[in-house]
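Chain residues, written in single-letter form:
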Amino acid sequence: MSSTIGFIGLGHMGGPMAQNLLKAGHTLQVFDLVPQALQTLVQAGAKAAATAAEAVAGADLVVTMLPASRHVEGLYLGESGLLTAIAKGTLVLECSTIAPESARKVSAAAAQRGIRMIDAPVSGGTGGAIAGTLTFIVGGADDDLEAARPYLEKMGKNIFHAGDAGAGQVAKICNNMLLGILMAGTAEALALGVANGLDPKTLSDIIAKSSGRNWATELYNPWPGVMEQAPASKDYAGGFGVDLMLKDLGLAAEASMQARATTPLGELARNLYALHSTQGHGKLDFSSILKLYHQPHG
Ligand code: NAD
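Keep in mind it's a predicted model, so treat the numbers as computed, not measured.

J.: If you had to explain the site of the ligand to someone new, which residues and values would you point to?
T.: If you check the shell around the ligand, you find 23 residues, and the closest are His12, Met13, Asp32, Pro67 and Lys247. His12 places a polar main-chain atom, nitrogen or oxygen, 2.9 Å from an oxygen atom of the ligand. Take Leu66: an N or O atom from its main chain is 3.1 Å from an oxygen atom of the ligand. Protein contacts shield 88% of the accessible area of the ligand, which totals 830 Å² for the unbound molecule. Sorting the residues of the shell around the ligand by element identifies helix H6 (125–131) and helix H11 (242–259) as the ones contributing at least two each. Of the residues belonging to the shell around the ligand, the class tally is 11 nonpolar, 9 polar and 3 charged.

This is the structure:
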(Lines give C-alpha, C1' and ligand atoms only; values in the text may rest on other atoms or scores of the structure.)
Protein backbone atom coordinates (compact mmCIF):
# COMPACT_ATOMS: atom_id res chain seq x y z
CA MET A 1 0.00 0.00 0.00
CA SER A 2 1.32 3.40 -0.93
CA SER A 3 1.39 6.03 1.83
CA THR A 4 2.20 9.70 2.07
CA ILE A 5 5.24 10.17 4.31
CA GLY A 6 6.55 13.42 5.80
CA PHE A 7 10.34 13.00 6.17
CA ILE A 8 12.38 15.62 8.02
CA GLY A 9 16.21 15.56 8.28
CA LEU A 10 17.91 14.42 5.07
CA GLY A 11 21.56 14.17 6.15
CA HIS A 12 24.00 11.28 5.87
CA MET A 13 21.42 8.84 7.26
CA GLY A 14 18.02 10.46 6.60
CA GLY A 15 18.79 11.08 2.90
CA PRO A 16 19.31 7.42 1.93
CA MET A 17 16.56 6.24 4.30
CA ALA A 18 14.10 8.55 2.54
CA GLN A 19 15.37 7.28 -0.84
CA ASN A 20 14.52 3.71 0.20
CA LEU A 21 10.95 4.71 1.14
CA LEU A 22 10.62 6.41 -2.25
CA LYS A 23 11.88 3.27 -4.03
CA ALA A 24 9.21 1.28 -2.15
CA GLY A 25 6.57 3.37 -3.94
CA HIS A 26 5.57 5.83 -1.21
CA THR A 27 4.93 9.53 -1.77
CA LEU A 28 7.49 11.60 0.13
CA GLN A 29 7.11 15.18 1.37
CA VAL A 30 10.59 16.15 2.53
CA PHE A 31 12.16 18.97 4.51
CA ASP A 32 15.68 19.89 5.63
CA LEU A 33 17.32 23.15 6.63
CA VAL A 34 20.06 22.52 4.03
CA PRO A 35 18.75 23.19 0.48
CA GLN A 36 21.29 20.82 -1.12
CA ALA A 37 20.08 17.87 0.97
CA LEU A 38 16.52 18.68 -0.11
CA GLN A 39 17.53 18.91 -3.78
CA THR A 40 19.00 15.39 -3.87
CA LEU A 41 15.66 13.95 -2.74
CA VAL A 42 13.66 16.09 -5.13
CA GLN A 43 15.77 14.76 -8.01
CA ALA A 44 14.86 11.25 -6.85
CA GLY A 45 11.13 12.08 -7.01
CA ALA A 46 10.21 13.52 -3.59
CA LYS A 47 8.16 16.69 -3.09
CA ALA A 48 10.06 19.52 -1.40
CA ALA A 49 8.26 21.19 1.50
CA ALA A 50 9.03 24.79 2.47
CA THR A 51 8.62 24.05 6.18
CA ALA A 52 8.47 21.04 8.48
CA ALA A 53 4.73 21.70 8.99
CA GLU A 54 4.19 21.57 5.22
CA ALA A 55 6.04 18.22 5.07
CA VAL A 56 3.63 16.61 7.57
CA ALA A 57 0.42 18.03 6.06
CA GLY A 58 -1.83 15.12 5.05
CA ALA A 59 0.89 12.56 5.88
CA ASP A 60 0.01 9.02 7.04
CA LEU A 61 3.45 8.66 8.59
CA VAL A 62 6.10 11.10 9.84
CA VAL A 63 9.81 10.23 10.07
CA THR A 64 12.49 12.44 11.64
CA MET A 65 16.26 11.92 11.49
CA LEU A 66 17.94 14.88 13.20
CA PRO A 67 21.32 15.34 14.90
CA ALA A 68 20.58 15.57 18.65
CA SER A 69 18.06 16.03 21.49
CA ARG A 70 17.92 19.81 21.16
CA HIS A 71 16.96 19.58 17.49
CA VAL A 72 14.24 17.00 18.19
CA GLU A 73 12.77 18.87 21.17
CA GLY A 74 13.08 22.16 19.26
CA LEU A 75 11.21 20.74 16.29
CA TYR A 76 8.35 18.93 18.02
CA LEU A 77 7.66 20.85 21.24
CA GLY A 78 6.47 24.34 22.10
CA GLU A 79 3.45 26.39 21.13
CA SER A 80 4.19 26.24 17.41
CA GLY A 81 6.01 22.92 17.54
CA LEU A 82 5.48 20.27 14.89
CA LEU A 83 3.12 18.26 17.15
CA THR A 84 0.55 21.00 16.63
CA ALA A 85 0.71 20.40 12.85
CA ILE A 86 0.47 16.58 12.88
CA ALA A 87 -3.02 15.07 12.62
CA LYS A 88 -4.40 13.00 15.51
CA GLY A 89 -3.78 9.26 15.03
CA THR A 90 -0.70 9.77 12.82
CA LEU A 91 2.26 7.46 13.43
CA VAL A 92 5.63 9.13 14.05
CA LEU A 93 9.01 7.37 13.82
CA GLU A 94 11.66 9.40 15.62
CA CYS A 95 14.93 7.82 14.39
CA SER A 96 17.57 10.25 15.72
CA THR A 97 19.91 9.17 18.53
CA ILE A 98 18.90 11.35 21.49
CA ALA A 99 18.69 11.26 25.29
CA PRO A 100 16.15 8.68 26.56
CA GLU A 101 14.64 11.48 28.66
CA SER A 102 14.06 13.64 25.55
CA ALA A 103 12.49 10.68 23.74
CA ARG A 104 10.10 10.10 26.67
CA LYS A 105 9.25 13.81 26.88
CA VAL A 106 8.42 14.15 23.17
CA SER A 107 6.57 10.84 23.12
CA ALA A 108 4.42 11.87 26.13
CA ALA A 109 3.62 15.23 24.50
CA ALA A 110 2.64 13.37 21.31
CA ALA A 111 0.41 10.96 23.26
CA GLN A 112 -1.36 13.93 24.86
CA ARG A 113 -2.35 15.04 21.37
CA GLY A 114 -3.43 11.56 20.27
CA ILE A 115 -0.31 11.13 18.08
CA ARG A 116 1.43 7.72 18.13
CA MET A 117 5.20 7.91 18.43
CA ILE A 118 8.00 5.38 18.71
CA ASP A 119 11.71 6.01 19.24
CA ALA A 120 13.51 4.05 16.54
CA PRO A 121 17.23 4.92 16.55
CA VAL A 122 19.33 2.98 14.08
CA SER A 123 22.61 1.16 13.83
CA GLY A 124 24.48 0.17 10.68
CA GLY A 125 26.09 3.38 9.46
CA THR A 126 25.64 5.18 6.15
CA GLY A 127 26.37 1.93 4.29
CA GLY A 128 23.42 0.28 6.04
CA ALA A 129 21.21 3.32 5.34
CA ILE A 130 22.01 3.17 1.61
CA ALA A 131 21.62 -0.62 1.36
CA GLY A 132 18.41 -0.63 3.44
CA THR A 133 19.96 -3.00 5.98
CA LEU A 134 19.83 -0.86 9.13
CA THR A 135 19.09 -2.25 12.57
CA PHE A 136 16.17 -0.42 14.23
CA ILE A 137 16.11 -0.40 18.04
CA VAL A 138 12.59 0.52 19.01
CA GLY A 139 11.05 1.93 22.18
CA GLY A 140 7.27 2.28 22.41
CA ALA A 141 3.97 0.41 22.34
CA ASP A 142 3.67 -3.01 20.65
CA ASP A 143 0.87 -1.99 18.28
CA ASP A 144 2.69 1.18 17.22
CA LEU A 145 5.77 -0.90 16.37
CA GLU A 146 3.59 -3.31 14.37
CA ALA A 147 2.07 -0.39 12.46
CA ALA A 148 5.60 0.91 11.77
CA ARG A 149 7.07 -2.46 10.80
CA PRO A 150 6.22 -2.41 7.04
CA TYR A 151 8.01 0.95 6.71
CA LEU A 152 10.96 -0.04 8.92
CA GLU A 153 11.41 -3.14 6.76
CA LYS A 154 11.97 -0.93 3.71
CA MET A 155 14.87 0.81 5.45
CA GLY A 156 16.31 -1.96 7.60
CA LYS A 157 16.88 -5.66 8.08
CA ASN A 158 16.75 -6.15 11.86
CA ILE A 159 14.04 -4.71 14.09
CA PHE A 160 14.31 -5.02 17.87
CA HIS A 161 11.77 -3.98 20.49
CA ALA A 162 13.84 -2.81 23.48
CA GLY A 163 10.87 -1.79 25.69
CA ASP A 164 8.69 1.27 26.37
CA ALA A 165 9.28 4.84 25.14
CA GLY A 166 12.96 5.77 25.52
CA ALA A 167 14.16 2.15 25.76
CA GLY A 168 15.29 2.18 22.13
CA GLN A 169 17.55 5.11 22.98
CA VAL A 170 19.02 3.40 26.04
CA ALA A 171 19.96 0.32 23.98
CA LYS A 172 21.35 2.49 21.18
CA ILE A 173 23.52 4.47 23.62
CA CYS A 174 24.96 1.24 25.10
CA ASN A 175 25.79 0.03 21.59
CA ASN A 176 27.45 3.28 20.58
CA MET A 177 29.49 3.53 23.75
CA LEU A 178 30.93 0.12 22.86
CA LEU A 179 31.45 1.24 19.23
CA GLY A 180 33.41 4.32 20.35
CA ILE A 181 35.59 2.17 22.59
CA LEU A 182 36.22 -0.54 19.99
CA MET A 183 37.09 1.95 17.24
CA ALA A 184 39.63 3.70 19.48
CA GLY A 185 41.00 0.30 20.56
CA THR A 186 41.30 -0.87 16.95
CA ALA A 187 43.11 2.35 15.95
CA GLU A 188 45.46 1.94 18.93
CA ALA A 189 46.28 -1.70 18.06
CA LEU A 190 46.89 -0.93 14.37
CA ALA A 191 49.11 2.06 15.22
CA LEU A 192 51.09 -0.12 17.64
CA GLY A 193 51.67 -2.74 14.94
CA VAL A 194 52.69 -0.18 12.31
CA ALA A 195 55.05 1.55 14.78
CA ASN A 196 56.68 -1.86 15.17
CA GLY A 197 57.12 -2.37 11.45
CA LEU A 198 53.94 -4.24 10.42
CA ASP A 199 51.93 -3.52 7.30
CA PRO A 200 48.47 -2.18 8.36
CA LYS A 201 46.61 -4.34 5.81
CA THR A 202 48.43 -7.53 6.86
CA LEU A 203 47.80 -6.78 10.55
CA SER A 204 44.12 -6.00 9.82
CA ASP A 205 43.73 -9.31 7.95
CA ILE A 206 45.27 -11.17 10.91
CA ILE A 207 43.05 -9.44 13.51
CA ALA A 208 39.94 -9.92 11.33
CA LYS A 209 40.43 -13.70 11.65
CA SER A 210 41.64 -13.70 15.27
CA SER A 211 40.13 -13.03 18.67
CA GLY A 212 40.49 -9.24 18.40
CA ARG A 213 38.13 -9.05 15.42
CA ASN A 214 35.24 -6.60 15.57
CA TRP A 215 32.94 -4.41 13.44
CA ALA A 216 35.82 -2.02 12.63
CA THR A 217 38.18 -4.76 11.40
CA GLU A 218 35.37 -6.45 9.45
CA LEU A 219 33.61 -3.48 7.86
CA TYR A 220 35.01 -0.10 8.86
CA ASN A 221 38.78 -0.24 9.18
CA PRO A 222 40.18 3.09 10.46
CA TRP A 223 43.48 2.81 8.52
CA PRO A 224 43.44 4.63 5.13
CA GLY A 225 43.70 2.26 2.17
CA VAL A 226 42.93 -0.97 4.03
CA MET A 227 39.26 -0.99 2.98
CA GLU A 228 38.42 0.85 -0.19
CA GLN A 229 34.80 1.62 0.82
CA ALA A 230 35.52 2.74 4.39
CA PRO A 231 35.53 6.50 5.21
CA ALA A 232 39.24 6.13 6.18
CA SER A 233 40.04 5.60 2.47
CA LYS A 234 38.10 8.77 1.53
CA ASP A 235 39.95 11.21 3.81
CA TYR A 236 37.42 10.30 6.53
CA ALA A 237 34.59 12.04 4.62
CA GLY A 238 30.96 10.95 5.06
CA GLY A 239 30.14 8.24 7.58
CA PHE A 240 29.48 8.98 11.26
CA GLY A 241 30.92 12.28 12.46
CA VAL A 242 33.31 12.62 15.42
CA ASP A 243 30.97 15.17 17.00
CA LEU A 244 28.00 12.77 16.70
CA MET A 245 30.05 10.03 18.41
CA LEU A 246 31.04 12.55 21.06
CA LYS A 247 27.35 13.37 21.58
CA ASP A 248 26.52 9.66 22.03
CA LEU A 249 29.37 9.16 24.51
CA GLY A 250 28.02 12.18 26.39
CA LEU A 251 24.56 10.54 26.45
CA ALA A 252 26.21 7.37 27.82
CA ALA A 253 27.93 9.40 30.54
CA GLU A 254 24.58 11.02 31.50
CA ALA A 255 22.83 7.64 31.58
CA SER A 256 25.68 6.27 33.66
CA MET A 257 25.39 9.07 36.24
CA GLN A 258 21.61 8.80 36.43
CA ALA A 259 21.72 5.05 37.12
CA ARG A 260 24.92 5.22 39.24
CA ALA A 261 26.51 2.76 36.81
CA THR A 262 30.27 2.53 36.24
CA THR A 263 31.57 3.24 32.72
CA PRO A 264 35.32 4.01 32.94
CA LEU A 265 36.13 2.95 29.35
CA GLY A 266 33.15 4.95 28.01
CA GLU A 267 34.44 8.02 29.87
CA LEU A 268 37.96 7.52 28.54
CA ALA A 269 36.61 7.15 25.00
CA ARG A 270 34.54 10.33 25.45
CA ASN A 271 37.69 12.21 26.43
CA LEU A 272 39.65 10.82 23.47
CA TYR A 273 36.97 11.90 20.97
CA ALA A 274 36.63 15.29 22.72
CA LEU A 275 40.39 15.86 22.39
CA HIS A 276 40.25 14.80 18.74
CA SER A 277 37.32 17.16 18.10
CA THR A 278 39.09 20.13 19.73
CA GLN A 279 42.00 19.49 17.34
CA GLY A 280 39.62 20.44 14.51
CA HIS A 281 38.38 17.00 13.45
CA GLY A 282 34.76 17.20 14.62
CA LYS A 283 33.27 16.86 11.15
CA LEU A 284 35.43 13.91 10.05
CA ASP A 285 34.22 10.33 10.32
CA PHE A 286 34.78 8.95 13.84
CA SER A 287 37.31 6.35 12.60
CA SER A 288 39.67 9.34 12.18
CA ILE A 289 40.38 8.83 15.91
CA LEU A 290 43.38 7.00 14.40
CA LYS A 291 44.97 10.45 13.95
CA LEU A 292 45.43 10.63 17.73
CA TYR A 293 47.75 7.63 17.47
CA HIS A 294 49.36 7.99 14.06
CA GLN A 295 50.38 11.04 12.03
CA PRO A 296 51.40 9.80 8.56
CA HIS A 297 53.64 12.79 7.85
CA GLY A 298 54.30 13.96 11.40
P1 NAD B 1 23.58 14.75 9.64
O2 NAD B 1 24.11 15.90 10.41
O3 NAD B 1 24.25 14.29 8.40
O4 NAD B 1 22.03 15.02 9.25
C5 NAD B 1 21.11 15.69 10.07
C6 NAD B 1 20.24 16.56 9.15
O7 NAD B 1 19.20 17.15 9.94
C8 NAD B 1 21.00 17.70 8.48
O9 NAD B 1 20.83 17.62 7.07
C10 NAD B 1 20.36 18.96 9.07
O11 NAD B 1 20.31 20.04 8.17
C12 NAD B 1 18.99 18.45 9.42
N13 NAD B 1 18.28 19.25 10.43
C14 NAD B 1 18.70 19.64 11.65
N15 NAD B 1 17.73 20.33 12.30
C16 NAD B 1 16.67 20.37 11.45
C17 NAD B 1 15.37 20.93 11.54
N18 NAD B 1 14.95 21.59 12.61
N19 NAD B 1 14.55 20.78 10.47
C20 NAD B 1 14.95 20.11 9.37
N21 NAD B 1 16.17 19.55 9.23
C22 NAD B 1 17.01 19.68 10.26
O23 NAD B 1 23.47 13.54 10.69
P24 NAD B 1 23.35 11.97 10.36
O25 NAD B 1 24.72 11.38 10.27
O26 NAD B 1 22.36 11.78 9.28
O27 NAD B 1 22.75 11.47 11.76
C28 NAD B 1 21.38 11.69 12.11
C29 NAD B 1 21.11 10.95 13.43
O30 NAD B 1 21.38 9.55 13.24
C31 NAD B 1 21.99 11.40 14.60
O32 NAD B 1 21.23 11.41 15.77
C33 NAD B 1 23.08 10.34 14.64
O34 NAD B 1 23.62 10.20 15.95
C35 NAD B 1 22.32 9.11 14.20
N36 NAD B 1 23.12 8.05 13.55
C37 NAD B 1 24.06 8.36 12.61
C38 NAD B 1 24.79 7.33 12.02
C39 NAD B 1 25.84 7.62 10.97
O40 NAD B 1 26.61 6.67 10.63
N41 NAD B 1 25.92 8.82 10.43
C42 NAD B 1 24.56 6.00 12.38
C43 NAD B 1 23.56 5.71 13.31
C44 NAD B 1 22.84 6.75 13.89
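J.: Report on helix H12 (residues 264–281), specifying residues and quantitative values.
T.: Between its terminal C-alpha atoms H12 stretches 24 Å, which fits the 26 Å expected from 18 residues at 1.5 Å a residue. The complete set of buried residues in H12 reads Gly266, Ala269, Tyr273, His276, Ser277 and His281. Along H12, the residues classed as buried sweep out an arc of 105° about the axis, all on the same side. Those residues of H12 that are exposed and aimed more than 90 degrees away from the buried face are Pro264 and Thr278. On its buried face, H12 is in contact with helix H8 (167–195) and H11.

J.: Quick rundown of the packing of aromatic side chains? Include the residues and the values.
T.: Counted according to the given criterion, the structure contains 3 aromatic pairs. Ring centres 5.6 Å apart and planes at 40° place the aromatic pair Tyr220 and Phe286 in the tilted group. In this pair, Tyr220 sits in the loop between helix H10 (215–219) and H11 while Phe286 sits in the segment after H12, placing the two residues 66 residues apart along the sequence. Through pairs of rings, three or more aromatic residues link up here, namely Trp215, Tyr220, Phe240 and Phe286.

Procedures and definitions
- Residues numbered from 1 in each chain as written.
- Predicted model: local features only at pLDDT ≥ 70, side-chain atom pairs only at ≥ 80, totals over all residues.
- Heavy atoms only, no water.
- Near = heavy atom within 4 Å.
- Polar contact = N/O pair within 3.5 Å; in protein donor to acceptor, adjacent residues only side chain to side chain.
- Areas by Shrake-Rupley, 256 points an atom, 1.4 Å probe, with all protein chains shown as cover.
- Helix = DSSP H or I, 4+ residues; strand = E, 2+ residues; numbered from the N terminus.
- Nonpolar A, V, L, I, M, F, W, Y, C, P; charged D, E, K, R; others polar.
- Expected span 1.5 Å × (residues − 1).
- Buried < 20%, exposed > 50% of the residue type's maximum accessible area, 1.4 Å probe, protein only.
- Arc of directions from axis to C-beta.
- Contact = heavy atoms within 4.5 Å.
- Phe/Tyr/Trp six-rings, centres within 6.5 Å; stacked < 30°, edge-to-face > 60°.

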